[in-house]
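Here is how the chains run, residue by residue.
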Amino acid sequence: MLAENPRLNPERPPLYTPLQRQRRDASVWTLVQGVLAPVQFLVFLVSLALVIRFLLTGEGEQAATLSVVVKTLTLYTIMVTGCIWEKVVFGQYLFAPAFFWEDVFSMAVLALHTAYLLALFNGWLDARGLMWLALAAYATYVVNAGQFLYKLRMARLHGQSRLAPTGATA
């Protein structure tokens, strides 16, 4: 039964209050986030392949570098629009209780991507060092994306259990 799903903690409050869910569903920023998230993931996959190719073969340095810059700009875009979305839904730009830990880890993701740009533009690292820094940034991005996917999955499960009639089965 959905309502008895062990992954749903009855003591844990739902991700959204009814009013927050209404604001989320009515906001254009929800659609923007829904479009940008898979776009960013696609940019990440292409860039990851280019970075790994460079590290393994020494070829494609310029393409790998450009791809990391594009990935970083995509990250900045989704972070700014995500802050706007969070303000619309939760009333604050960052660290709303529902997404506090995801936002905290997002700061680490931003810091590493920004460190890459600073190192690139200031010549602080050689090409291989830059690519290793990019991989560190990408590892944090994967963890952060997993945090958001898990949280949104739990919200979906909670929403389904809330809507399921008593005695309904999955």
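All of these numbers come straight from a predicted model, not from anything done at the bench. (Residues numbered from 1 in each chain as written. Predicted model: local features only at pLDDT ≥ 70, side-chain atom pairs only at ≥ 80, totals over all residues. Heavy atoms only, no water.)

A. Main features of the pattern of salt bridges. Tallied over the full model, the rule gives three salt bridges. The shortest N-O distance in the salt bridge between Glu59 and Arg53 comes to 3.5 Å. The partner of Lys151 in a salt bridge is Glu102, and the shortest N-O contact between them spans 3.2 Å. Of this pair, Lys151 sits in helix H5 (residues 127–163) while Glu102 sits in helix H4 (residues 100–122), and the two are 49 residues apart along the sequence. Residue classification places Glu102 among the buried residues on the basis of a relative accessible area of 6%. (Salt bridge = Lys/Arg side-chain N within 4 Å of Asp/Glu carboxyl O. Helix = DSSP H or I, 4+ residues; strand = E, 2+ residues; numbered from the N terminus. Buried < 20%, exposed > 50% of the residue type's maximum accessible area, 1.4 Å probe, protein only.)

B. Quick look at a nonpolar patch on the surface. A surface patch of nonpolar side chains, amounting to about 440 Å² of accessible area, comprises Phe95, Phe100, Trp101, Val104 and Met107. Of note, Trp101 is situated in helix H4. (Patch = residues over 30% accessible without salt bridge, like charges linked within 9 Å, V, L, I, M, F, W, Y side chains within 5 Å. Areas by Shrake-Rupley, 256 points an atom, 1.4 Å probe, with all protein chains shown as cover.)

C. Summary view of the packing of helix H1 (residues 18–26) against helix H3 (residues 61–90). Two elements in contact, H1 and H3, have axes separated by 8 Å at closest approach and are oriented at 135°. The angle between H1 and H3 places the two elements in the oblique class. Judged by residue contacts, Gln20, Arg23 and Arg24 of H1 engage Trp85, Val88, Val89 and Phe90 from H3. Taken together, the residues that form the contact of H1 with H3 break down as four nonpolar, one polar and two charged. (Axes fitted to C-alpha atoms, helices over the stretch in contact; angles between N-to-C directions. Parallel < 35°, antiparallel > 145°, perpendicular 65-115°, else oblique. Contact = heavy atoms within 4.5 Å. Nonpolar A, V, L, I, M, F, W, Y, C, P; charged D, E, K, R; others polar.)

D. Highlighting unusual backbone geometry. One non-glycine residue, Phe95, lies in the positive phi region at around 65°. With respect to the helices and strands, the residue Phe95 is situated in the loop between H3 and H4.

E. Structural view of the nonpolar core. In terms of nonpolar packing, the biggest core is built from 25 residues, with Val51, Phe54, Leu55, Val68, Leu75, Tyr116 and Met131 touching the most fellow members. If you list the elements that add at least two residues to this core, you get helix H2 (28–57), H3, H4 and H5. The greatest single-element share of this core, amounting to nine residues, is contributed by H5. Not counting the four nearest positions on each side in its chain, Val68 is found in contact with Ser47, Val51, Tyr116, Ala134 and Tyr138. In this structure, Val89, Ala98, Phe99 and Ala155 belong to the second largest nonpolar core, which totals nine residues. (Core = buried A, V, L, I, M, F, W, Y, C linked by side-chain atoms within 4.5 Å.)

F. Fine view of the side chain of Thr72. Residue position: Thr72 is located in helix H3. By relative accessible area, which is 0% here, Thr72 ends up buried. A polar side-chain atom of Thr72 sits 2.8 Å from the main-chain carbonyl oxygen of Val68. Apart from residues lying up to four places away in sequence, Thr72 is in contact with His113 and Leu117. (Polar contact = N/O pair within 3.5 Å; in protein donor to acceptor, adjacent residues only side chain to side chain.)

G. Layout of the packing of H2 against H3. With their axes 9 Å apart at the nearest point, H2 and H3 run at an angle of 160° to one another. One way to sum up the angle between H2 and H3 is to call them roughly antiparallel. Regarding H2 and H3, the two cross each other, and that crossing is left-handed. Partitioning the contact of H2 with H3 into residue classes produces 18 nonpolar, nine polar and two charged. (Left-handed = near helix turned anticlockwise from the far one by under 90°.)

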